Amino acid sequence: FIMVLNMEIISVSCEVIGHPKPFADSKASTSAEAGTGINNKQTSDVACMPSLENSADAVKLKSPTSNLCSKPGVQPSYRPPPAYTNRGPIMKNEAPARIIPVAALNPYQGRWAIKARVTAKGDIRRYNNARGDGKVFSFDLLDADGGEIRATCFNSIVDRFYELIEVGRVYALSKGSIKPAQRNFNHLNNDWEIFLDSTSKVDRCPDEDVSIPQQNFSFRPINEIENMENASVVDVIGVLVSVGQCVTILRKNGMETLRRILTLKDMSGRSVELTLWGNFCNKEGREMQDLYDSGLHPVLAVKAGRVNDFSGKTIGTISTTQLFIDPDIPESQKLKDWFEREGKNGASQSISRDVMPLYQNEIRKNVSQIKDEGLGRMGKPDWVTIKAALSYIKVDTFCYTACPLMAGDRQCNRKVTKTTVGGWHCERCNQDFLECDYRYILQAQVQDHTGVTWVTAFQESGEQILGCSAKELYLLKYEKEDDTRFGEIIKNALFRQYLFKLKIKEEIYGDEQQTKATVVKSEKLNFSAETKHLLSLLQKNE
């Protein structure tokens, strides 16, 4: 069916197109002409009459008794009575609605019913707004055609359906409002969402329907996650290669929660860190810890993990995330075979750290090309090398105090705050310690013959530029207060030629988009090697 939502009148009148003729059965047409005596001449006489000037004459023209339209004794043609007249109340249609696919649901259907399996069920969440306090919970549905949709209940409807809904069970749902999906909370591939109300019906199907799958995955290889936007929701599957300890941390809202960091790798040659939060740490996290400690490497499928972009890409669990250990699906068996055959001893590169891709060929650019060519603005980072000199280094905030504790297989490195007793506290790890670490966060200007741009250099790159650790430079400036030596170190780094390998990416600060250039690696210019590079360019251009 086609539903017309809007149309525009192009013209109220137009010339007759072609030579239209009334459609009628030939026999019926002949008998009708014999009985009524109407012929083509009379029809043409009526059509050729002058237009009437007043409504009274117009009414006469349309009257069946008018001599203008018919001869005496001619009966008017039969017209059936209107289908809907005021004859009392119409009986309500109580027949059950027909089962339709989830993909066919839309807000313009009055009566609908779907049959689907519950694949995920969220916890009851409390909220407070201008209307007062309330509660809400949602569950995800999957039908036999692979269509997915979320159903949401509020307040009293939560009490009706929360205990009834079970993950893995099949239900028949009917009645309720179909509204646009709330993308802040709903990641499913469906533009609509079901909001159940007091008229809604949810019936558990007693018989198992094997035509409806248990879960629907849309796995993405780990190397594709590297180019995904921050806060994207993704399905991923990989082999477990490391498990971190479960730690208690303090969130920004003052509430404590659990965190555990895992590492997954797949056949794309990449690995990614998966951060488990809350109850995931004790349930699936503890099970994977036991399997890993016994020497096993289980396959973990993650449904609806959120991509985070901090010093590389990581994946974190959210309230609707589901974890499946060694799932019975073809992708799992394929990964197991690959891992036993070659993946166990093969090297993989982590996308959870800012490093230059190993497969990336060196792309030389000059400073002006960063802006002129719009590098980093196509939704993914650009990796380039520039030959430039440092012209200015900010010395007020050249480093920060960092957490020295290990989080998984790498150091936490989050910023820490000083405690009242003289130690340091990390909110991420929720632990206190006497000594903190110091890490570079250099902000500097680099320039070449084409222009100037700002870059940021972190720990390793900062040490390559300044020739000493961030802690040594911090103690020199703030404890020894040796401004002369501090100034010499900074001055020695300026106006020297470097090869800077940059990661350029557009990021949002507040409401403004800015292009950020991060120094991944810096090397003092080797004039011999650079001369050979320039000669090779000349030979290519001959």
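Before any of the text, the structure's been laid out above.
Numbers given to residues run from 1 along each chain, matching the order in which its sequence is written. Totals for whole chains, interfaces and linings use every residue, but because this is a predicted model, local features are given only for residues with pLDDT of at least 70 and side-chain atom pairs only at 80 or more, for both listing and counting. Each side-chain value is worked out from all heavy atoms of the structure, with water and hydrogens disregarded.

A separate point is unusual backbone geometry. Its identity as a non-glycine residue notwithstanding, Ala231 has a phi of 75°, on the positive side. Only DSSP runs of H or I covering at least 4 residues are called helices, and only runs of E covering at least 2 are called strands; the numbering of each starts at the N terminus. As for its position among the elements, Ala231 is in the loop between helix H5 (222–225) and strand S9 (233–243). Burial status follows relative accessibility: with a 1.4 Å probe on protein chains alone, a residue under 20% of its type maximum counts as buried, one over 50% as exposed, and anything between as partly exposed. Taking relative accessible area as the criterion, Ala231 reaches 45% and is therefore assigned partly exposed. Phi is positive for Phe495, close to 55°, though the residue is something other than glycine. Accessibility expressed as a relative area gives 60% for Phe495, which makes it exposed.

Looking now at the packing of aromatic side chains. Between two aromatic rings, the relevant description is the distance of the centres plus the angle of the planes. When the centres of two rings from Phe, Tyr and Trp lie within 6.5 Å, Trp using its six-membered ring, the rings pair. Their planes under 30 degrees apart give stacked, over 60 give edge-to-face, and anything left gives tilted. Evaluated as defined, the whole model comprises 12 aromatic pairs. Through successive ring pairs, a cluster of aromatic residues spans Tyr127, Phe154 and Phe195. For a lysine, the NZ atom is tested; for an arginine, the CZ atom; a charge sits over a ring if that atom is within 6 Å of the ring centre and within 35 degrees of the ring normal. The ring of Tyr162 has Lys121 sitting right over it, with the charged end atom 3.9 Å from the ring centre.

Definition used for salt bridges: Asp or Glu carboxyl oxygen within 4 Å of a side-chain nitrogen of Lys or Arg. Tallying each qualifying case throughout the model produces 18 salt bridges. Ionic pairing is found between Lys303 and Glu148, a salt bridge with its closest N-O pair at 3.7 Å. Taken together, the residues span a long stretch of sequence, with Lys303 in strand S13 (residues 299–309) and Glu148 in strand S4 (residues 148–154) at a distance of 155 residues. When sorted by exposure, Lys303 lands in the same class as Glu148, which is buried.

This part is about the packing of helix H11 (residues 470–479) against helix H12 (residues 483–493). In this analysis an axis means a line fitted to C-alpha atoms, helices contributing only their contacting stretch, and an angle means the value between N-to-C directions, from 0 to 180 degrees. Where H11 meets H12, the closest approach of the two axes is 8 Å, and the angle between their N-to-C directions is 140°. Overall, the two elements H11 and H12 adopt an arrangement that is oblique. Seen from above, H11 lies across H12 with left-handed handedness. Residues Leu473, Leu476 and Lys477 of H11 form the contact with H12, whose participating residues are Asp483, Arg485, Phe486 and Ile489. The labels follow the angle: roughly parallel below 35 degrees, roughly antiparallel above 145, roughly perpendicular from 65 to 115, and oblique for the rest. Crossing handedness follows the turn of the near helix against the far one: under a right angle anticlockwise gives a left-handed crossing, and clockwise gives a right-handed one. Note on contacts: a residue pair qualifies if any of its non-hydrogen atoms lie within 4.5 Å across the two residues.

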